[in-house]
Amino acid sequence: MTKKRPETVAASALGREDEATGALIPPLYPTTTYIRDPDNLYRRGRVYSRAQNATFDTAAETLTALEGGAETALFGSGMAAANAVFLALTPGDHVVVPRVMYWALRAWLEGFASRWGLVVDFVDAGDIDALKAAIAPGRTKLVWLETPANPLWTVYDIAAAAEIAHAAGARLAVDSTVATPVLTRPLSLGADIVMHSATKYLNGHSDAVIGTVTTARQDEFWANIKTVQSQNGGVPGTLEAWLLQRGMRTLFARVRWQCASAQALAERLSAHPAVAEVLYPGLPGFKGHQLASRQMQGGFGGMLSIRVRGGERAAIATAARVSIWKRATSLGGVESLIEHRASIEGPRSPVPEDLLRLSVGLEAVDDLYEDLSEALGQARAE
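1. Regarding the overall build of the protein chain
Across its full length, the protein chain carries 15 helices and twelve strands. For the C-alpha atoms alone, the extent of the protein chain along its principal axes is close to 80 × 50 × 40 Å. Taking all 382 residues of the protein chain together, 53% fall into the buried category. Sequence separation of at least 24 residues holds for 71% of the intrachain contacts in the protein chain that already meet a minimum separation of 6. Accessible surface computed for the protein chain: about 16000 Å², of which carbon and sulfur atoms make up 53%. Charge centroids of the protein chain, computed over 37 positive and 40 negative side chains, lie 2 Å from each other.

2. What about the pairing of strand E12 (residues 355-359)?
Of all five residues that make up E12, five are buried, and the element is covered over most of its length. A two-sided burial pattern is seen for E12, the buried positions comprising Leu355, Arg357 and Ser359 on one face and Leu356 and Leu358 on the other. Relative to E12, strand E9 (residues 303-308) is paired through five bridges, and the arrangement is antiparallel. By the bridge assignment for E12, Leu304 is matched with Leu358.

3. Structural notes on the side chain of Thr177
Tracing the backbone through its elements, the reader meets Thr177 in the loop between strand E5 (171-175) and helix H8 (180-183). For Thr177, a relative accessible area of 9% translates into the label buried. Within the structure, Thr177 has its side chain in polar contact with the side chain of Asp175 (distance 2.6 Å). A polar contact of 2.8 Å, which involves the side chain of Thr177, links it to the backbone nitrogen of Ser197. Setting aside anything within four residues of it in sequence, one finds Thr177 in contact with Met195, His196, Ser197, Lys200, Tyr201 and Leu331.

4. Thoughts on helix H11 (residues 251-270)
Given a rise of 1.5 Å per residue, 20 residues ought to cover 28 Å, and the 28 Å separating the end C-alpha atoms of H11 matches this to within 8%. The set of residues buried in H11 consists of Leu251, Phe252, Arg254, Val255, Gln258, Cys259, Ser261, Ala262, Gln263, Leu265, Ala266 and Leu269.

5. Quick look at the pattern of salt bridges
The full count for this structure, using the stated rule, is 17 salt bridges. A salt bridge links Asp37 to Arg43, with the shortest nitrogen-to-oxygen separation between them at 3.3 Å. A relative accessible area of 57% means that Arg43 is categorised as exposed. Several salt bridges converge on common partners, so that one network encompasses Arg106, Glu339, Arg341, Glu345 and Arg357.

6. Examining the sheet that holds E9
Spatially, five strands are ordered E8-E9-E12-E11-E10 in an open sheet, and the strand pairing comes out mixed. Of all strands in the sheet, those bounded by a partner on one side alone are strand E8 (275-279) and strand E10 (326-327). With four bridges connecting them, strand E11 (residues 337-340) and E12 associate as antiparallel partners. Bridged to Glu339 within E12 is Arg357.

7. Structural notes on the packing of aromatic side chains
The way to describe two aromatic rings as a pair is by their centre distance and the angle between their planes. In the structure shown here, the tally under the stated rule is three aromatic pairs. Where Trp108 meets Phe112, the ring centres are 5.6 Å apart and the plane angle is 25°; that geometry is what we call stacked. One end of the pair is Trp108 and the other is Phe112, both in helix H5 (residues 103-116) and four residues apart, which spans about a single turn. Taking relative accessible area as the criterion, Trp108 reaches 13% and is therefore assigned buried. Classification of Phe112 by relative accessible area gives partly exposed; the value is 37%. Chaining the aromatic ring pairs together yields one cluster made of Phe86, Trp108, Phe112 and Trp144. Directly above the aromatic system of Tyr369 lies the positively charged group of Arg268, at a separation of 4.0 Å from the ring centroid.

8. Some details on the pairing of E5
Of all the five residues making up E5, four are buried; the element is thus mostly covered by neighbouring parts of the structure. One ladder, built from five bridges, connects strand E4 (residues 140-146) with E5; its direction is parallel. Bridge pairing links Val143 to Leu172 in E5. Looking at chain direction, E5 and strand E6 (residues 193-196) are connected through three bridges and run parallel. The residue of E6 that forms the bridge with Ala173 is Ile193.

9. With respect to the sheet that holds strand E3 (residues 119-123)
Here seven strands make up an open sheet; going across it, the order is E1-E7-E6-E5-E4-E2-E3 and the pairing mixed. Of all strands in the sheet, those bounded by a partner on one side alone are strand E1 (71-75) and E3. Going across the sheet, the axis of each strand differs from the next one's by a mean of 20°, ignoring polarity.

10. Looking at unusual backbone geometry
The peptide bond linking Thr147 to Pro148 adopts the cis configuration, its omega dihedral lying at -10°. Examined against the element boundaries, Pro148 turns out to sit in the loop between E4 and helix H7 (158-167). Between Asn150 and Pro151 the backbone carries a cis peptide bond, its omega angle lying at 0°. On the secondary structure map, Pro151 appears in the loop between E4 and H7. The residue Ala13 is not glycine, and still its phi comes out positive at about 50°. Here Ala13 is to be found in the loop between helix H1 (6-12) and helix H2 (49-52). A positive phi angle, near 80°, is found at Asn40, a position not held by glycine. Along the chain, the position of Asn40 falls in the loop between H1 and H2.

The rules behind the values
Residues numbered from 1 in each chain as written. Predicted model: local features only at pLDDT ≥ 70, side-chain atom pairs only at ≥ 80, totals over all residues. Heavy atoms only, no water. Helix = DSSP H or I, 4+ residues; strand = E, 2+ residues; numbered from the N terminus. Buried < 20%, exposed > 50% of the residue type's maximum accessible area, 1.4 Å probe, protein only. Contact = heavy atoms within 4.5 Å. Areas by Shrake-Rupley, 256 points an atom, 1.4 Å probe, with all protein chains shown as cover. Lys, Arg positive; Asp, Glu negative; His and termini not counted. Charge placed at Lys NZ, Arg CZ, Asp CG, Glu CD. Pairing = 2+ DSSP bridges. Polar contact = N/O pair within 3.5 Å; in protein donor to acceptor, adjacent residues only side chain to side chain. Expected span 1.5 Å × (residues − 1). Salt bridge = Lys/Arg side-chain N within 4 Å of Asp/Glu carboxyl O. Phe/Tyr/Trp six-rings, centres within 6.5 Å; stacked < 30°, edge-to-face > 60°. Lys NZ or Arg CZ within 6 Å of the ring centre and 35° of its normal. Axes fitted to C-alpha atoms, helices over the stretch in contact; angles between N-to-C directions.

So this is what it looks like as structure tokens:
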């Protein structure tokens with residue numbers, strides 16, 4: 001048989017069956033430790049479950065196949081996964097990161113990572129010349145991108161950034177949480193590392209906090225990441241790992257539905273009298289649309305943001321009046337979520353106060369539009 005297509009890899013979880021019982025679904029192994037052989041060796045390859053639980057294998061190896069990588073490590077959260085990439089560096093190393101990125105990681109880089117010893121520069125990574133100017137050959141060790149970037153959905157050029165980083169002797173890591181391997185495979189575009197907050201689209205059901213890092217090659221830097229994983233102990237529980245492999249079985253179906261719904265909502269909301277602007281890579285007028293069209297295959301993601309006429313007051317009032325959309329922090333699940341991001345991120349956030357972030361779920365798109373449209377109208381009428 002020819003090489004399996006990604007949809008088949010995800011839906012079948014690599015086509016594995018439990019050899020011991022014939023079970024179609026991989027079992028969960030809640031064990032913390034493993035039996036030694038009589039001569040005190042571990043010929044079966046597992047010693048302790050901090051990084052060697054068999055429940056991790058199906059999820060990790062499925063994602064490795066989907067990303068076209070060499071190996072995947074699982075972590076207890078997306079933050080733990082991202083932190084491990086930076087902690088694999090050495091104090092004094094210079095890193096370049098975008099100004100628009102996930103706020104919690106930005107805060108960690110400004111706080112702990114800088115105190116620990118990393119030299120962090122925040123740049124407009126959408127400006128290739130600015131990105132190139134920020135990288136110091138021989139001194140910069142890592143360039144980090146998040147694309148599309150939360151919550152403005154800025155699209156960064158992975159291939160161009162990889163070329164610039166590599167020319168300077170640096171690595172490129174990409175947070176591809178929003179794009180998922182359904183839409184973008186950063187390693188095929190030249191990235192060295194791809195990270196996911198797998199709590200989001202990969203799990204897809206809002207019932208597991210978990211993160212992943214996949215490498216293009218098993219080199220010294222990857223060994224450092226694996227050491228951070230094991231020695232810092234930031235690994236998921238076995239249930240979370242099992243829920244991740246469960247969730248990835250429907251990844252392609254979910255993401256494609258969410259992309260189609262998000263596109264339809266973006267187009268309809270662009271004409272809504274209470275909406276000042278829609279931020280979505282699938283709109284021809286969006287600044288990064290052309291780049292997204294080249295870099296994202298089969299859709300533009302399930303995330304969009306709207307800027308509400310009437311400012312912060314109207315935005316918060318809109319979020320308070322929806323019924324199908326749920327007011328909660330997260331994204332990528334089967335349920336649609338709405339959130340006023342500036343309230344979450346605080347006074348140093350680059351997010352406009354009139355912005356609402358929307359995570360599109362699997363509900364009927366007409367219901368989602370009517371629910372939001374009604375709430376926008378009520379808030380505007382006040």
